[in-house]
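Take a look at the letters that make up each chain.
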Amino acid sequence: MKIVRSDLLAIAVKEAQYPPEAPPEIAFAGRSNVGKSSLLNLLTGRKKLARVSGTPGKTRTINFYSINDDAFRIVDLPGYGYAKVSKSISADWGGMIEKYLKSRHTLKKVVLLVDIRHAPSTQDVQMYEWLKHYGYAGLIVATKADKVSRNETQKNIAAIRRTLGAGEGDSIIPVSTLKKTGVDTLATEIEKLL
Ligand SMILES: Nc1nc2c(ncn2[C@@H]2O[C@H](COP(=O)(O)OP(=O)(O)O)[C@@H](O)[C@H]2O)c(=O)[nH]1
Ligand SMILES: [Mg+2]
């Protein structure tokens, strides 16, 4: 699959703002600052499609991107886990994501992004539990792979699998947007889902 076109289709906080259901959607979830926007930009070949931020906790909307003239969509879910975000915003975050997971018939899969350097957080585990509950789990991206050695890569992936309780058959793809590695593997996995 080659992404030749990508456009921001809609920015939503509530369901009424979602674009009408049409082609399949693949959503990206993960904690704030994990590298979601960077990955989206690399995948689409557009440096500024999604805003890469030095300040975590900025995105509190669900962003729908139309890919290849709406052959499918990538949906950027709000990042979680930023300490300075108030309690009420974190509650909103949960409600927003759960609403989308629950109601979206065209949602095929949610890619969970976790930082390869650390064991998944409590919120990562909670997110993965939700994904399992709603039937969307099974595709994990370990970001910032350039920050660990080759040996650590395998070790940390095993730890991520264990902590999240992912199945042996579930993909965990190490990706580095800095080195531009792993993104083709992810594109292939996405293609298989469509
Ligand atoms: N070293 C390294 N840094 C990355 C990588 N991906 C993202 N970053 C950095 O991590 C920070 C957060 O990235 P961003 O894409 O905005 O994360 P988001 O909040 O999940 O959308 C930025 O400073 C990025 O430059 C990567 O693969 N390697
Ligand atoms: Mg972002």
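Residues numbered from 1 in each chain as written. Chains lettered and ligands numbered in written order. Predicted model: local features only at pLDDT ≥ 70, side-chain atom pairs only at ≥ 80, totals over all residues.

A. Representation of the overall build of the protein chain. When its secondary structure is counted, the protein chain shows five helices and seven strands. In the protein chain, the succession of α and β elements from N to C terminus is β-β-α-β-β-α-β-α-β-α-β-α. Over its C-alpha atoms the protein chain spans a radius of gyration of 15 Å, differing by no more than 12% from the 16 Å that the globule rule assigns to 194 residues. Across its three principal axes, the protein chain shows a C-alpha extent of roughly 45 × 40 × 35 Å. Scored against the burial criterion, the 194 residues of the protein chain give a buried share of 40%. (Helix = DSSP H or I, 4+ residues; strand = E, 2+ residues; numbered from the N terminus. Rg over C-alpha atoms; globule rule 2.2 N^0.38 Å. Buried ≥ 20, exposed ≤ 12 C-beta atoms within 10 Å, placed from the backbone.)

B. Representation of the site of ligand 1 in the model. Neighbouring residues of ligand 1: 20 residues in total, closest Gly35, Lys36, Ser37, Ser38 and Thr177. For the shell around ligand 1, the leading source of residues is helix 1 (residues 36-44), giving three residues. Residues that form the shell around ligand 1 fall into these classes: four nonpolar, 12 polar and four charged. (Near = placed C-beta within 6 Å. Nonpolar A, V, L, I, M, F, W, Y, C, P; charged D, E, K, R; others polar.)

C. How the structure looks around the sheet that holds strand 5 (residues 107-115). Read from one edge to the other, the open sheet built from seven strands follows the order 1-3-4-2-5-6-7, with strand pairing classed as mixed. With partners counted over all chains shown, the strands left at the sheet margins are strand 1 (6-12) and strand 7 (171-174), one partner each. Direction aside, the axes of adjacent strands within the sheet are offset by 25° on average. For strand 2 (residues 25-30) and strand 4 (residues 72-76), the ladder comprises four bridges, and the chain directions are parallel. Across the sheet, residue alanine 27 finds its bridge partner in strand 4, namely valine 75. Here helix 3 (residues 122-134) sits on the sheet in contact with strand 2 and strand 5, set at roughly 165° to strand 5. (Pairing = 2+ DSSP bridges. Axes fitted to C-alpha atoms, helices over the stretch in contact; angles between N-to-C directions. Contact = placed C-beta atoms within 7 Å.)

D. Structural detail: unusual backbone geometry. The phi angle at asparagine 33 is positive, at roughly 80°, despite the residue not being glycine. Relative to the assigned elements, asparagine 33 resides in the loop between strand 2 and helix 1. With 20 C-beta atoms packed within 10 Å, asparagine 33 lands in the buried category. One non-glycine residue, asparagine 68, lies in the positive phi region at around 50°. The topology assignment puts asparagine 68 in the loop between strand 3 (62-67) and strand 4.

E. Just helix 4 (residues 150-164), in detail. With 15 residues, helix 4 should reach 21 Å at 1.5 Å per residue; the first-to-last C-alpha distance of 21 Å fits that figure. If you follow the buried residues of helix 4, they end up packed against strand 5, helix 3, strand 6 (139-143) and strand 7. At the C-terminal side of helix 4, glycine 165 shows a positive phi close to 70°. (Expected span 1.5 Å × (residues − 1).)

F. Summary view of the environment of glycine 30. The topology assignment puts glycine 30 in strand 2. Sequence separation between glycine 30 and lysine 144 is 114 residues, and the spatial gap between their C-alpha atoms is 13 Å. Other than its neighbours up to four places away in sequence, glycine 30 contacts Lys36, Gly79, Leu112, Leu113 and Val114.

G. Fine view of the environment of valine 13. Considering the arrangement of structural elements, one finds valine 13 in the loop between strand 1 and strand 2. A sequence separation of 80 residues divides valine 13 from tryptophan 93, and the C-alpha atoms of the two residues are 9.5 Å apart. In this structure, valine 13 is in contact with Thr61 and Met96, ignoring residues within four places of it in sequence.

H. Expanded view of the nonpolar core. By size, the foremost hydrophobic cluster in this structure holds 49 residues, and its most contacted members are Ala29, Leu112, Leu113, Ile140 and Ala142. Of the residues forming this core, the biggest block, six residues, is contributed by strand 5. Apart from residues lying up to four places away in sequence, isoleucine 140 is in contact with Leu112, Val114, Ile160, Leu164, Ala166, Asp170, Ser171 and Ile172. (Core = buried A, V, L, I, M, F, W, Y, C linked by C-beta atoms within 7 Å.)

I. Up close: the environment of valine 148. Here valine 148 is to be found in the loop between strand 6 and helix 4. Linking valine 148 and isoleucine 116, residues 32 residues apart in sequence, is a C-alpha distance of 7.7 Å. Setting aside residues no more than four positions away along its own chain, valine 148 makes contact with Ile116, Arg117, Thr153 and Asn156.

Remember, this is a structural readout, not a statement about activity or role.
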